[in-house]
Structure formats: C-alpha cells, structure tokens
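A closer look at the structure
Residues per chain are reported as follows:
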Amino acid sequence: AGVSVLPLEWGGLLGWQQPSITRLPTHFHELLRDSATLRCGKCKTVPREPAICMVCGCLVCGPAGQHGACCNDSLDRGECTQHAIKCGAGVAPFMFIKQCTVLLLRASVEATAKYAVKQGSAGARLATPYLDLFGEEDVGLRRGKPLMMCEARHKRLLWLWVTHKLRGEVARAGSGQNRPDNNWSSF
C-alpha cells in the first residue's frame, strides 16, 4: 500500500535543497582571524563590528557607534536590518563576531517612515554556538579562553530556522529586551 511514483532523485530535479544555516568554523579564533580581513559587500570596507548572516553567510556591517552609519539606508536602518528584510523576509539571526554573540533581528518589512521602522523592529540575544572547555559562553570575549563550536546549539539555531520559529523566539526571548527605547532597526 502507498507506493510512490516519484523517483528518489525528485528533489534534485526540482532544484530543492535541504534547509541549512551557515556553517561556522569549529574554532572561534579562526572566525575571528578571518573576519579581520573580510570586506563588507556594500561599503567595501573592513567592518568595525562585523556580523555574519546565519542564513546565507553574508558579512555585513554591524552597528559601531557613530561609525555604523556607513551602510544605513534613508530610513536609518542598519545593514543587518536591511539584510534581514532581503534575506529572511524580515527575520534573521546574525553572529556578531567581535562580541561572540548571536542576535535575532525582526525588522518591519512594510515600514516607510522612520518612526514606524523603529516601532516595528525587535530583537533578542540567542545563545552563542561557541563555548569554552567548561561549556560556558564568553560574550564580549572578556575571559579570552579558547572557544569551540557546540553542535547542539548550532542544531538548535537550525531547528529555529527550519521550523519558522525565529519570529516567535524574538517575541519570547526578547520580551524584556523590547522596550520602546531599544532601536533594533539601527543594527
């Protein structure tokens, strides 16, 4: 009962690919070293605060104080927010390399005024996929311990992406972080 008439390689015929997120290096120091020479595709400079889109692997400029405005658009949206709209339909996780943290950004796709952009944006910090030998994070790289990829955390991020739960995770994890004074669209 229930014999499939589709060939096993049917997915290949349609060009279907298994959903995935960017595979980062096993050792964090490799990512940090490589990011020191990579250039932003938009402004063609080495970002002061590099961020990697975990959906497609694109390097973008993260906010770096007043110097983060190099890639802002006319609505004052930072490059991460612009990229989230283009790449993830308004929702995307970004690995902020120099901070060793993952931020989920939810951007207002429909906003056409600066006020609406700020009000429609939200974000939340996720657990970083890199841990030290004792299973602890080093957000901000304050301790200087060698960091390794944690497969379970990487798989959780993939699961959030594949099951379309990123938007809900921003709402759940960021409920205390989404105060009106947070300007998530500046990322």
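Residues numbered from 1 in each chain as written. Predicted model: local features only at pLDDT ≥ 70, side-chain atom pairs only at ≥ 80, totals over all residues. Heavy atoms only, no water.

Of regular secondary structure, the protein possesses six helices and seven strands. Each helix and strand of the protein, ordered N terminal to C terminal, gives the series α-α-β-β-α-β-β-α-β-β-β-α-α. Split into buried and exposed, the 187 residues of the protein put 39% on the buried side. Accessible surface computed for the protein: about 10600 Å², of which carbon and sulfur atoms make up 57%. (Helix = DSSP H or I, 4+ residues; strand = E, 2+ residues; numbered from the N terminus. Buried < 20%, exposed > 50% of the residue type's maximum accessible area, 1.4 Å probe, protein only. Areas by Shrake-Rupley, 256 points an atom, 1.4 Å probe, with all protein chains shown as cover.)

This brings us to helix 5 (residues 151-162). With 12 residues, helix 5 extends 16 Å from end C-alpha to end C-alpha; this agrees with the ideal 16 Å at 1.5 Å per step. Residues of helix 5 that are buried include every one of His 154, Leu 157 and Leu 160, and no others. Relative to the axis of helix 5, the buried residues are bounded by an arc of 120° and lie together on one face. The exposed residues of helix 5 that point more than 90 degrees off its buried face are Ala 152 and Lys 155. A positive phi of about 60° marks His 164, the residue just after helix 5. (Expected span 1.5 Å × (residues − 1). Arc of directions from axis to C-beta.)

So, on to the sheet that holds strand 4 (residues 101-106). Strand pairs in the sheet, formed through backbone hydrogen bonds, run parallel or antiparallel to each other. In spatial order, the strands read 2-1-3-4-5; together these five strands make up an open sheet with antiparallel pairing. In this open sheet, the two edge strands, each paired with only one partner strand, are strand 2 (59-61) and strand 5 (122-126). Averaged over all adjacent pairs, the angle separating strand axes in this sheet is 35°, with direction ignored. Alignment of strand 4 against strand 5, held across five bridges, turns out to be antiparallel. Bridge assignment links Leu 104 to a residue of strand 5, and that residue is Ala 124. Seen against the sheet, helix 3 (residues 79-88) touches strand 1 (50-53), strand 2, strand 3 (91-96) and strand 4 and runs at an angle of roughly 135° to strand 3. (Pairing = 2+ DSSP bridges. Axes fitted to C-alpha atoms, helices over the stretch in contact; angles between N-to-C directions. Contact = heavy atoms within 4.5 Å.)

Looking now at the environment of His 154. Structurally, the position occupied by His 154 is in helix 5. Dropping the residues within four chain positions of it, His 154 is found in contact with Ile 21, Thr 22, Arg 23, Leu 24, Pro 129 and Met 149.

Summarising burial for strand 4: five of the six residues are buried, a large majority. Where strand 3 and strand 4 come together, six bridges link them in antiparallel fashion. The residue bridging Met 95 from the neighbouring strand is Val 102, located in strand 4. Here strand 3 folds back onto strand 4, and the loop between the two strands holds four residues, one of which, Cys 100, carries a positive phi near 50°.

Turning our eyes to something else, we now look at the pattern of salt bridges. Between side chains of opposite charge, pairing is possible as soon as their charged atoms come close. With the rule as written, the count across this model stands at eight salt bridges. With a shortest N-O distance of 2.4 Å, Arg 125 and Glu 137 are connected by a salt bridge. Of the two residues, Arg 125 sits in strand 5 while Glu 137 sits in the loop between strand 6 (130-131) and strand 7 (148-149), which places them 12 residues apart along the sequence. According to the relative accessible area criterion, Arg 125 is partly exposed, its value standing at 33%. (Salt bridge = Lys/Arg side-chain N within 4 Å of Asp/Glu carboxyl O.)

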